[in-house]
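# Tertiary structure, described
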Amino acid sequence: MTTTTKHALVEGASFSAFQHHPGYRRMFAPDRLTLGIFLPLRFYTGDMRVLAGQAKLVETIDQHNFAAVWVRDVPLFDPRFGDAGQVFDPFSYLAFLAARTENVALATGSTLFSLRHPIDLAKAAATLDQLSGGRLVLGIASGDRPIEFPAYGIPHAERGERFSQAVPYFRELMQTGMLSIDSPLGHIADAALLPKSVSGRIPLIVTGSSGQSLAWIAAHADGWLTSPDATHTPQGPQGLAGKIRAWRDLIPDGGFRPHMTNEWLDLVDDPRHPRTPLQGGHILRTGRNGLIALLEVWREAGVNHAALGIQFAQRPAAELIQELAEEVLPLFPTHQGPPAVSTDW
């Protein structure tokens, strides 16, 4: 049976399919918004010591009951692109963080499904999901750094097609029993991939368009992560709301799928400081009152999770995490879903 004929495996799953998924349930619920923190907590400029102590702060994030921590997948550093991303491999680093945390969801934003083979992705993802007790939420993308594609021997122009082929292949690999898969990306006959995920399925959150139509994302994604548009004017959230409505109107079964967005913050100590765009809107400087107002309009727009990055902020990371935990997180609390599965590996 081919990947395209297993219709139930190709489509995205509604909220009910993840009722027993610890990571997904603590992050998402209809008409609610939760908070996550994007790593790294400090911007890498050539010295790895800037990341020293980050894992300890992730432990603090977990103890404060933020919904998630997020890491990026950037195989190669392109100085012209200007951002090295997380630096560490996402799966290896999240496994390291899984051993130091208990409850926080572990999310990728986003794993490159066009560059990595589905078998390798599925093996790494299922392993991390098992080691973390079911806390993995997999953001996925087709890739936005052109320098990486020739390094992998993959034409940049084929990234969208490869992405759409990798998603069903990945999902079939998650199934129980012996597998028979016929895909443009490979063929499997009477073999199985181990381990399997804790709750039977790993959420696949599509980032941006990933080279796909809105209808494809509505049919195949377990959720959608998009940029927020402008965050210092009402027009940005209004446009975001329209985009979310258009996507949800196309979901075939009409079931709930979560939407996520993110923002890089320079959170200042004056809570009344107005929302001010920096670096062409790439960074938002604001006090916490402005941040809270933004999160409220995002929630009204249909956003279910906000991933906040503080790597460009001027204040110490520990101070920012404390303020967010005490003053902002109580207004957007993490959901009480099933606990992470505890196994003495």
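Above this note sits the structure.
Presented here is an overview of the structure given in this document. (Residues numbered from 1 in each chain as written. Predicted model: local features only at pLDDT ≥ 70, side-chain atom pairs only at ≥ 80, totals over all residues. Heavy atoms only, no water.)

## Describing the overall build of the chain
- Summing up its helical and strand segments, the chain has 11 helices and 12 strands in all.
- Against the 2.2 N^0.38 benchmark of 20 Å for 345 residues, the chain shows a C-alpha radius of gyration of 19 Å, consistent with a compact globule.
- Viewed in the frame of its principal axes, the chain has a C-alpha envelope of about 60 × 45 × 40 Å.
- Here the chain holds 345 residues, and the buried ones make up 54% of them.
- In the chain, once contacts between residues fewer than 6 apart in sequence are set aside, the share between residues at least 24 apart is 72%. (Helix = DSSP H or I, 4+ residues; strand = E, 2+ residues; numbered from the N terminus. Rg over C-alpha atoms; globule rule 2.2 N^0.38 Å. Buried < 20%, exposed > 50% of the residue type's maximum accessible area, 1.4 Å probe, protein only. Contact = heavy atoms within 4.5 Å.)

## Quick notes on the nonpolar core
- Counting residues in hydrophobic clusters, the biggest one holds 72 residues, and the most contacted among them are Leu35, Phe66, Phe113, Leu138, Phe170 and Leu295.
- In this view, Leu35 contacts Phe66, Ala67, Ala68, Leu295, His305, Ala306, Leu308, Val328, Leu329 and Phe332; residues no more than four positions away in its chain are not counted.
- Counting residues in hydrophobic clusters, the runner-up holds 20 residues, among them Ala107, Val137, Met260 and Ala307. (Core = buried A, V, L, I, M, F, W, Y, C linked by side-chain atoms within 4.5 Å.)

## Quick look at the pairing of strand β3 (residues 105-112)
- Across the eight residues that make up β3, a large majority, eight, are buried.
- Relative to β3, strand β2 (residues 68-71) is paired through four bridges, and the arrangement is parallel. For Val71, the partnering residue across the bridge sits in β3 and is Thr108.
- A crossover connection joins β2 to the parallel β3 through helix α4 (residues 90-98); in handedness this β-α-β unit is right-handed. (Pairing = 2+ DSSP bridges. Right-handed = clockwise from strand over helix to strand, strands pointing away.)

## Let's talk about helix α5 (residues 118-131)
- Here α5 spans 20 Å end to end across 14 residues, near enough to the 20 Å set by a 1.5 Å rise per residue.
- Buried within α5 are the following residues: Pro118, Leu121, Ala122, Ala125, Ala126, Leu128 and Asp129. The arc that holds the buried residues of α5, viewed along the axis, is 160°, so those residues lie on one side.
- On its buried face, α5 sits against α4, β3, β4 (136-141) and α7 (159-173).
- Positive backbone phi, approximately 75°, marks Gly133, located one or two places after α5. (Expected span 1.5 Å × (residues − 1). Arc of directions from axis to C-beta.)

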